[in-house]
Amino acid sequence: MKSYDQIFLANRAWAQTIKNVDEDYFKNLSLGQAPKYFWIGCADSRMAETVITRSQLGQFFVHRNVANVVVHTDFNCLTVLAYAIDVLKIEHVIVVGHYGCGGVRAAYESADNGLIDNWLRNIKDVLHMHRSRFDVLPDDESRVDLLCELNVVSQVANVCHTTIAQNAWARGQSLSVHGLVYSLHDGLLKDLQCSVTGLDQVSDVYRVIVPPG
Ligand code: CO
């Protein structure tokens, strides 16, 4: 049997298991979604949001790309963000990186990776901006881990710099943007304590909306 067939076997078994517990599960879920969180994560295969937070389907609206980057010209990411905030009215946007991220490591190292280096340039900017914090660390491992964290903090700021987030705050919508990092070694999430909850916490350089009052 092709390993590909395993997907359908597992899927049918999964769907049947759920229906055995709740006959109307899929019927109810098909009526609509009201997710609590918008998760911006890395495409890495080892950190599926629903699994690591032991959540039910329907709780997370999701955008994932290489190294969880939010770029102001990426209309894919901006479109998902706009749908999450403007249509679904999600109150918590969560940027989640992970230690040992291959994308972050590639951005840290000076090597030719082809096209992807243009994407990773965004993370090289973070490294360049905080250069002195890296120089005092003992080894490459700890420097890559720090870059994983600072990348998340930077992407939280990038979410806040969008017109989407700023317009939501300007019209009084509740919106918090958080930064987390996940450890592949122990399966735990860490809050990087960089949450932003309002326009007043956004650098005036990046403000496109004048705060009221
Ligand atoms: Co990664």
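First, a word on what this report is: a plain description of the structure on this page. Keep in mind the model is a prediction, meaning the values are calculated, not measured.

Attention now goes to the packing of helix α8 (residues 140–161) against helix α9 (residues 163–170). Close contact between α8 and α9 brings their axes to 4 Å; oriented N to C, the two are set at 60°. Considering their axes alone, α8 and α9 lie oblique with respect to each other. Across from V159, C160 and H161 in α8, the residues of α9 making contact are T163, A165, Q166 and W169. Of the residues assigned to the contact of α8 with α9, the class counts are 4 nonpolar, 3 polar and no charged.

Take the pattern of salt bridges next. Applying the stated criterion across every chain yields a total of 7 salt bridges. A salt bridge links R121 to D125; the shortest N-O distance between them is 3.1 Å. Pair noted here: R121 and D125 are both in helix α6 (residues 116–129), with a separation of 4 residues, about one helical turn.

The next thing to look at is the state of the cysteines. Summed over the entire model, instances satisfying the criterion amount to 0 disulfides. Unpaired in terms of disulfides, C160 finds its nearest cysteine sulfur in C194, a separation of 8.9 Å. According to the relative accessible area criterion, C160 is buried, its value standing at 3%.

Conventions adopted
Positions within a chain are numbered from 1, following the residues in the order the chain's sequence is written. Selection of residues for local features in this predicted model requires a pLDDT of at least 70, selection of side-chain atom pairs for listing and counting requires 80 or more, and totals for whole chains, interfaces and linings are taken over all residues. Just so you know, side-chain values use all the structure's heavy atoms and leave hydrogens and water out. Comment: axis = line fitted to C-alpha atoms, over the contacting stretch for helices; angle = value between 0 and 180 degrees taken between N-to-C directions. The way it works is that DSSP assigns letters per residue, a run of H or I at least four long becomes a helix, a run of E at least two long becomes a strand, and they are numbered from the N terminus. Every angle not falling under 35 degrees, over 145, or within 65 to 115 is termed oblique; those three ranges are roughly parallel, roughly antiparallel and roughly perpendicular. In this analysis, two residues are considered to be in contact whenever any of their non-hydrogen atoms come within 4.5 Å of each other. In the scheme used here, Gly and all other residues not listed as nonpolar or charged are polar, with Ala, Val, Leu, Ile, Met, Phe, Trp, Tyr, Cys and Pro taken as nonpolar and Asp, Glu, Lys and Arg as charged. Within this document, salt bridges are pairs made up of a side-chain nitrogen of Lys or Arg and a carboxyl oxygen of Asp or Glu, the two lying within 4 Å of each other. When two cysteine sulfur atoms are found within 2.5 Å, that pair is recorded as a disulfide. Exposure categories follow from relative accessible area, calculated using a 1.4 Å probe and restricted to protein chains: below 20% of the type maximum is buried, above 50% is exposed, and the middle band is partly exposed.

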